[in-house]
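Fold and geometry: a report
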Amino acid sequence: MAAAALDVTVDSHATDRVEAAVLSEAAMASGNPDELRRALSMHRYLEYPVPAELYEGGEDDAMCRAGRYMPSHVPYRCPPLSRLAARRQCRLAIVVTMYNESGSQLLRTMEGVAQNVTNFARDSLAGKATGLRWQDIVVVVVADGIEKIDADCTKAAERLGMVSLDAMYTAARGTTMHLADDDTDAFVQLVEADTVQLHTFEFAPQLRPSTPKLQKRFGARYSPVQTVFVIKQHNRGKLDSHKVFFDAFCETLQPEFVCLLDVGTQPDARALVNVVSSMRRNPSIGGCSGEIAVGVVESDDGSGGGDLLSLYLNLVTAAQVFEYKVSHCMDKALESWCGFLTVLPGAFSAYRYRALVGDGDEPLGVEGGGAYRRPLDKYFASLHDPHQRGRAVAEHDVFDANMYLAEDRILCFEIVASKAKAYTLHYTTGAVAYTDVPADLASLLKQRRRWLNGSFFAMLYALRHFGRIFTDTRHAAWRKCVLAVELVYFCINVVVTWFILGSLYLTFKLVLLYTFTTPFELALEYGLTAVYLIVTGAVFVLSLGNDAVASRQWFRWCAVAYTGLMLIMTVVAVASIASTAPSTAVVVGSVALIAAYAASSLLHGQLQYTAATFLQYYLMLPVFINIFTIFSFCNIHDVSWGTKGLEGGAGAARKLVGAASARRVDDGEAARLNVEQRAAAELEKRRVSEAAAKERQRDASFKAYRTTIVLLMMGSNWLYISLVSKYVIDDAAATSGFVAILGTLVLVLLGVRVLGSMLYQAERVVKASCGRCGCSARRRELDIAAPEV
């Protein structure tokens, strides 16, 4: 598309026209041409054409025939969304966050979204309660950093009409505009290189189904997807992208529901329909999540692909398949029945917008130097926003910094504990989204470091503030009793997590001691135990100050050693059971463990997946427990997201618009600019030096905290192992008692999970039966116009 074909138009949004007029008057009075150009740019956009093949045979709507480019120079503030803002009918807003993913991943996600929009529209035409018109749905794609976005991804977006680099280049260079209000021409540079924050494109693509099977199901085109494609000038992380979505766009659109997706995650054709429908049926549900299933596998170099066989033959990916399936069949089901999900993952989740922002009458709560009115404020508490009013952003200590690695968990607790509300969180088993998972150990290790540290500290935060649920909320008495039981369950899990290293070692040692009796076998047991301890010590050394990718070969060898030891222990245990009279506790425990996983998987229709991956997960169990736990605790001081090069405002990349916005200046202006630039450089140098010193001091304190935590974990687990070894192992009766206590604890926790899974499915069956018979309880739940809690 040539730049000459671009149409420069004046926006008609009344509020922004008034604001721009005031700024233009002030800029004209000052006589500064830069201020004048910037003021004029605030109420203008560039309209770019799209090829007719993108909309022929589809909906005849203005948003489907041409796109609009609008820059924004204010952080977390969207430019006038002329067409979307004028309609004022958004009921569902979907955000898709991206970093440097490939074009194929973007297309995969957008096709999943388009399928759901089409099904929403079909349900609406059929008069179903689950229906929404496509005009009621807005998709906001947020790319994190103009230099980070993948070139192939940009090309894919251009092919769909969602992005026009020509429009962005033209806006950066500047162009002559005709001002219809004054019937005059003026040179306007829409993009100021030093201050631009967002590059926003507005278009409604009508994607074509990618396969003949999908074409037969959905027709020649999907329904239009009203899309706002946002490219952030600066790379500031995924959480900042969510803030752009909520503060810049949801404030304008005021949706009823919001959905969160990541590029690379493909929702099933009715996944979004199902999670939104759950909230529409029950107004007390504040948030909802579906099942995240393992789909395309991504390696550390970004390559993807692989068939189902390779997925299951790879121990790393197969173990994740089992873990994902079991966590949804058991943990998510249990938490959903209780009404409090510990996490709604940012890769695929949905919220009631009012549950996030409140009704505007929430009392102000102060905590840790910050004031928070809404759950969404707590979600963004780790971000510094100089333009945000109502609270001061405090410097976070290492506890809070790790806690906010799992800010989605904090958000979940804040919703359930909202003052004077009774919101619950639910899991919808019929909503599935497929995502890519790490295919190598190093990539998985980096991911789990963030997950484990964030979840552990977020759980401590929830336990510390759990009393708010009983004192501040309007949950029913029976719900509070159920949540109290869940609180006890969480407390036990925290203790188990802390001592899990010692428990696994004692299990390994006891199995060998129970089986080996001859001097040669006892010597073999001593050697295997020594290997176990040496490998564990090596993991501690590798985890302290070493990057997972740089040390991936050493971690891989440690993983191989753990897998070999686990295999040896299993063979020895099976041989012992086959040759001698087995212990009743061991047999009962083993059968109960396998039966629990099988029953829960069968109950949720996932038995084929868990059966195919159980062995791989079992062999990888010491890797998941030892390596991941040790690496996570040894890197508590690292509170990054594993994404390097997050930019600040002054040091942000200006490669694209900086070159395009260069202009001629005379000698006098050049001299003035030179003096100003040198002064600004000195100020920036001083600021950077002070920030670096502060960062070094903060890093030193974080590392000291890390050392304390690691020493406490090592000392407590060593004490636990020593006490058991001294007072239990040498006494047969004491050993049997210890094994019985340990086995009972495991079975009780497993039993609670199985019971929760069964209660969840039973509740679904009862509600479905009530829906068929039309009883009053079900009709009340289906009343989507019921008042909010």
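Below or above, wherever it landed, is the structure these notes cover.

Conventions and cut-offs
- Residues numbered from 1 in each chain as written.
- Predicted model: local features only at pLDDT ≥ 70, side-chain atom pairs only at ≥ 80, totals over all residues.
- Heavy atoms only, no water.
- Axes fitted to C-alpha atoms, helices over the stretch in contact; angles between N-to-C directions.
- Helix = DSSP H or I, 4+ residues; strand = E, 2+ residues; numbered from the N terminus.
- Contact = heavy atoms within 4.5 Å.
- Nonpolar A, V, L, I, M, F, W, Y, C, P; charged D, E, K, R; others polar.
- Expected span 1.5 Å × (residues − 1).
- Buried < 20%, exposed > 50% of the residue type's maximum accessible area, 1.4 Å probe, protein only.
- Disulfide = S-S within 2.5 Å.
- 1 Å grid on protein atoms, 1.4 Å probe; cavity = no way out; pocket = protein on both sides within 12 Å on 5 of 7 lines; lining within 4 Å.
- Points joined across faces, edges and corners; volume = space filled by probe spheres on them.
- Salt bridge = Lys/Arg side-chain N within 4 Å of Asp/Glu carboxyl O.
- Core = buried A, V, L, I, M, F, W, Y, C linked by side-chain atoms within 4.5 Å.
- Pairing = 2+ DSSP bridges.
- Right-handed = clockwise from strand over helix to strand, strands pointing away.
- Phe/Tyr/Trp six-rings, centres within 6.5 Å; stacked < 30°, edge-to-face > 60°.
- Parallel < 35°, antiparallel > 145°, perpendicular 65-115°, else oblique.

**What to know about the packing of helix α12 (residues 315-338) against helix α19 (residues 477-498)**
Two numbers describe how α12 lies on α19: the axes approach to 9 Å, and their chain directions differ by 145°. When α12 is examined against α19, the residues D331, L334, E335, W337 and C338 are found in contact with a partner set consisting of R479, V482, L483, E486, Y489 and F490. Split into classes, the residues belonging to the contact of α12 with α19 amount to seven nonpolar, no polar and four charged.

**What to know about helix α17 (residues 441-464)**
Along its 24 residues, α17 runs 34 Å from first to last C-alpha, staying within 8% of the 34 Å computed at 1.5 Å per residue. Within α17, 19 of the 24 residues are buried, which leaves the element mostly enclosed by the surrounding structure.

**What to know about the state of the cysteines**
Applying the stated criterion across every chain yields a total of zero disulfides. We note that C90 lacks a disulfide partner, and the nearest cysteine sulfur, in C250, lies 7.4 Å from it. Take C90: its relative accessible area is 11%, and that puts it in the buried class.

**Focus: empty space enclosed by the protein**
Taken as a whole, this structure holds four cavities of 30 Å³ or more when the rule is applied. Taken as a whole, the largest cavity spans an internal volume of roughly 80 Å³. Around the largest cavity, the lining residues are P75, Y76, Q197, L198, K232, H234, R236, D240 and V244. For the lining of the largest cavity, the class distribution of residues is four nonpolar, two polar and three charged.

**Structural notes on the pattern of salt bridges**
One pass over the structure, following the stated rule, counts 19 salt bridges. With a closest N to O distance of 3.9 Å, K419 and D472 form a salt bridge. In this pair, K419 sits in the loop between α16 (407-416) and β16 (424-438) while D472 sits in the loop between α18 (467-471) and α19, placing the two residues 53 residues apart along the sequence. Classification of K419 by relative accessible area gives partly exposed; the value is 45%.

**Considering the nonpolar core**
Counting 129 residues, the largest nonpolar core has F246, V258, F340, Y351, L356 and I627 as the members making the most contacts within it. Ignoring sequence-local partners within four residues, the contact set of F246 consists of E251, V258, L260, Y353, L356, L376 and F380. Of all hydrophobic cores here, the second largest spans 68 residues; its members include I149, L214, L311 and A431.

**Here's the deal with the pairing of strand β5 (residues 137-143)**
Counted residue by residue, β5 has seven buried out of seven residues, so it is predominantly covered. Here β5 shows a buried face lined by I137, V139, V141 and A143 and a second buried face lined by V138, V140 and V142. Across seven bridges, the pairing between strand β4 (residues 92-98) and β5 is parallel. Bridging across to β5, L92 finds its partner in I137. For the crossover that starts at β4, traverses helix α5 (residues 103-125) and ends in the parallel β5, the hand is right-handed. Where β5 and strand β9 (residues 226-232) come together, six bridges link them in parallel fashion. Residue pairing for β9: A143 is matched across the bridge by I231.

**Regarding the packing of aromatic side chains**
Per the stated rule, a full pass over the model turns up 30 aromatic pairs. Judged by centre distance (5.6 Å) and plane angle (75°), the rings of F499 and Y720 are edge-to-face. Remark: Y720 occurs in helix α26 (residues 667-727) and F499 occurs in the loop between α19 and α20 (500-515); sequence separation between them is 221 residues. Judged by relative accessible area, F499 falls into the partly exposed class, the value being 28%. Note on Y720: relative accessible area 19%, which makes it buried. A centroid spacing of 5.0 Å and a plane angle of 55° characterise the contact between F624 and F628, whose relative ring orientation is tilted. One end of the pair, F624, and the other, F628, are both in helix α24 (residues 607-633), four residues apart, so they sit about a helical turn from each other. By the burial criterion, F624 is buried, and F628 matches it.

**Some points on unusual backbone geometry**
Not every positive phi belongs to a glycine, and Q254 is a case in point at roughly 50°. You can see Q254 is positioned in the loop between α9 (238-253) and β10 (257-262). You will see that A420, though not glycine, has its phi angle at about 65°, which is positive. Turning to its location among the elements, A420 is positioned in the loop between α16 and β16. A420 sits in the partly exposed class, given a relative accessible area of 30%.

**A closer look at the packing of α17 against helix α22 (residues 552-579)**
Orientation of α17 relative to α22, taken along the N-to-C sense of each, is 90°, at an axis distance of 9 Å. Between α17 and α22, the angle is such that the two are roughly perpendicular. Two secondary-structure elements touch here, α17 through L441, A442 and L445 and α22 through R552, F555, R556 and A559. Here the contact of α17 with α22 is composed, by residue class, of five nonpolar, no polar and two charged.

These results come straight from atomic positions and should not be treated as a statement about function.
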